[in-house]
Amino acid sequence: MAINLQKGQREAINAPKFTIGLGWDTNSSSTGSSFDLDASVFILGENKKILSDSHFVFYNNKKSPDSAVEHSGDNLTGEGAGDDEQIKVDLSKIDPNVTELSVVVTIHEAEARRQNFGQVRNSYVRIVDASSNQVLLKYELEEDFSIETAVEFGRIYKRNNEWKFEAVGAGMKGGLQDYLNKYN
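Everything quoted here is computed from the prediction, not taken from an experiment. (Residues numbered from 1 in each chain as written. Predicted model: local features only at pLDDT ≥ 70, side-chain atom pairs only at ≥ 80, totals over all residues. Heavy atoms only, no water.)

Colleague: Any chance you could explain the packing of aromatic side chains here in plain terms?
Modeller: The description of an aromatic ring pair uses the distance of the two centres, along with the angle that the planes make with each other. A complete count under the given rule lists six aromatic pairs for this structure. For the ring pair F42 and Y183, a centre distance of 5.0 Å and an interplane angle of 45° mean the geometry is tilted. Of this pair, F42 sits in strand 4 (residues 37–44) while Y183 sits in helix 2 (residues 176–183), placing them 141 residues apart in sequence. In this pair, the class of F42 matches that of Y183, namely buried. Pairing Y179 with Y183 gives two aromatic rings, centres 6.3 Å apart and planes at 25°, and the pair type is stacked. (Phe/Tyr/Trp six-rings, centres within 6.5 Å; stacked < 30°, edge-to-face > 60°. Helix = DSSP H or I, 4+ residues; strand = E, 2+ residues; numbered from the N terminus. Buried < 20%, exposed > 50% of the residue type's maximum accessible area, 1.4 Å probe, protein only.)

Written out as structure tokens, the structure reads:
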């Protein structure tokens, strides 16, 4: 049975291999343009900075150097039920210098298309055990991010050799470059 988290809540991930599933629905009629939301993972060390450029996993760099984090690919429309994008994680392969995975979703060309997360609904992040296919954790974003164009959905971090998930739900007015600046 999945644990439904509230913003700020933390829970242990008791699975060495899991999938991060991200989903959302958009209101494309409000801007006339279709939405393209993109999931990314920033693989961070002790100093909260990405270990290298190749430790930023997204649609143009689908796999981390240690093959522990793998992006399923870019969903350009977000249409259909279920996860819109997925990221597979294998903690048994993860570089020992990694202490955190930051899971971020941004709106592609948000400024040009006049789009923001206020036009996105039913957003969630979930952790699914790869061996049993059971949903372990789920966090549904309920805030109205009316000016934000990027949201950190959650973070997976290591504390005392145990991996945990924190439901973050923090928005940012900016895009992928702003997160790259933050973590570089």
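Colleague: Would you take a moment to explain the nonpolar core for this structure?
Modeller: Side chains of a nonpolar character, in soluble globular proteins, are inclined to be buried together. Core analysis: the biggest nonpolar cluster contains 38 residues, and I20, L22, L101, F117, I156 and F165 have the highest contact counts within it. Counting residues per element, the ones that place at least two in this core are strand 3 (17–26), strand 4, strand 7 (85–90), strand 8 (100–107), strand 9 (120–129), strand 10 (135–140), strand 11 (150–159) and strand 12 (162–172). Within the second largest apolar cluster, 11 residues are counted, among which are F56, L176, Y179 and L180. (Core = buried A, V, L, I, M, F, W, Y, C linked by side-chain atoms within 4.5 Å.)

Colleague: What should I look at first to understand the sheet that holds strand 12 in this one?
Modeller: Note on sheets: strands pair through backbone hydrogen bonds, and any given pair is parallel or antiparallel. Within the open sheet, the six strands sit side by side as 2-12-11-8-4-5. Their pairing is antiparallel. Only two strands of the sheet have a single partner each, and these edge strands are strand 2 (10–12) and strand 5 (56–57). When strand 2 meets strand 12, the two strands line up antiparallel, connected through three bridges. By the bridge assignment, A12 is partnered in strand 12 with K164. (Pairing = 2+ DSSP bridges.)

Colleague: Looking at this structure, how should I read the pairing of strand 9?
Modeller: The side chains of a regular strand alternate, residue by residue, between the two faces of the sheet. Of all 10 residues in strand 9, seven are buried; the element is thus mostly enclosed. Here eight bridges tie strand 3 to strand 9, and the two strands are oriented antiparallel to one another. If you follow T19 over to strand 9, its bridge partner there is V128. Sheet topology places strand 9 next to strand 10; five bridges connect them, and they run antiparallel. Paired with I127 across the bridge in strand 10 is L137. The loop that links strand 9 with its antiparallel partner strand 10 comprises five residues; one of these, N133, has a positive phi angle of about 65°.

Colleague: Is there a simple way to explain the environment of Y157 in this structure?
Modeller: Mapped onto the fold, Y157 is located in strand 11. Along the backbone, Y157 and R10 are 147 residues apart, and their C-alpha atoms lie at a distance of 10.0 Å. With sequence-adjacent residues up to four places away left out, Y157 is seen in contact with R10, T99, E100, E162, W163, K164, F165 and E166. Within the structure, Y157 has its side chain in polar contact with the side chain of R10 (distance 3.4 Å). (Contact = heavy atoms within 4.5 Å. Polar contact = N/O pair within 3.5 Å; in protein donor to acceptor, adjacent residues only side chain to side chain.)

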